[in-house]
Amino acid sequence: MTIAVTRNTPGRFDGFLASSMQEIAPGVYVAPVMKKSVRERVWHVMMEWSELLPDDAGVVLFWRNPDAPSKLSIRLLGWPKKDFVEHEGLWLTHRDLTEAHDTEELLKQAEVEEQPIGEEDPTVLPTGSAEGLL
């Protein structure tokens, strides 16, 4: 499965992706089966057009790859302004904290001790006070 997600791209990007993939929602394109050569050609064309992208526009293309972290290969063009970091075999999204983040709340949550999971049934979390979480 190959998936492309666009944001604020010029019409030629959407038209081109719609010619080779199914648009299942605005800006979301899927191809259940896409050969590597086709995927590479699609990406190459979008790279050639990258200078047409406004600052807040971009494309994310991802597909199943058993050898990649999280079993996904990811390519980014333009937005999003985030970093994908491989950690212990998974892709994690990293971005810096901004003024919109409540850093005091994040620090409080980091200090809360987690309760151990009950040994009787590991699917049941022990009950306890929610004090310190609110």
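Scroll up to find the structure this text is about.
Bear in mind that the values here come from a model prediction, so they are computed numbers and not experimental data.

Colleague: Which residues make up the nonpolar core, and what are the values?
Modeller: Considering soluble globular proteins, one finds that nonpolar side chains tend to be buried as a cluster. The biggest cluster of nonpolar side chains holds 18 residues, and the ones touching the most others in it are Phe-13, Leu-17, Met-21, Met-46 and Leu-77. At the level of elements, helix H1 (11–20), strand E3 (28–31), helix H2 (36–48) and strand E4 (58–64) are the ones that each hand at least two residues to this core. The leading source of residues in this core is H2, at 4 residues. Residues within four places of Leu-77 in sequence aside, it is in contact with Phe-13, Trp-43, Met-46, Met-47, Ser-50, Leu-53, Ala-57, Gly-58 and Val-59.

Colleague: Account for unusual backbone geometry, naming residues and giving values.
Modeller: Phi is positive for Asn-8, close to 50°, though the residue is something other than glycine. In this structure, Asn-8 sits in the loop between strand E1 (2–7) and H1. Despite not being glycine, Ser-70 has its phi angle at roughly 55°, a positive value. Relative to the helices and strands, Ser-70 resides in the loop between E4 and strand E5 (72–78). Of the residues examined, Ser-70 reaches a relative accessible area of 28% and is grouped as partly exposed.

Colleague: With reference to specific residues and values, describe the pairing of E4.
Modeller: The buried fraction of E4 is high, at 5 of 7 residues. Pairing geometry for E1 and E4, over 6 bridges, is antiparallel. Across the sheet, Ala-4 pairs through a bridge with Leu-61, a residue of E4. Summarising the sheet, E4 and E5 pair through 7 bridges and their orientation is antiparallel.

Criteria and thresholds
- Residues numbered from 1 in each chain as written.
- Predicted model: local features only at pLDDT ≥ 70, side-chain atom pairs only at ≥ 80, totals over all residues.
- Heavy atoms only, no water.
- Core = buried A, V, L, I, M, F, W, Y, C linked by side-chain atoms within 4.5 Å.
- Buried < 20%, exposed > 50% of the residue type's maximum accessible area, 1.4 Å probe, protein only.
- Helix = DSSP H or I, 4+ residues; strand = E, 2+ residues; numbered from the N terminus.
- Contact = heavy atoms within 4.5 Å.
- Pairing = 2+ DSSP bridges.

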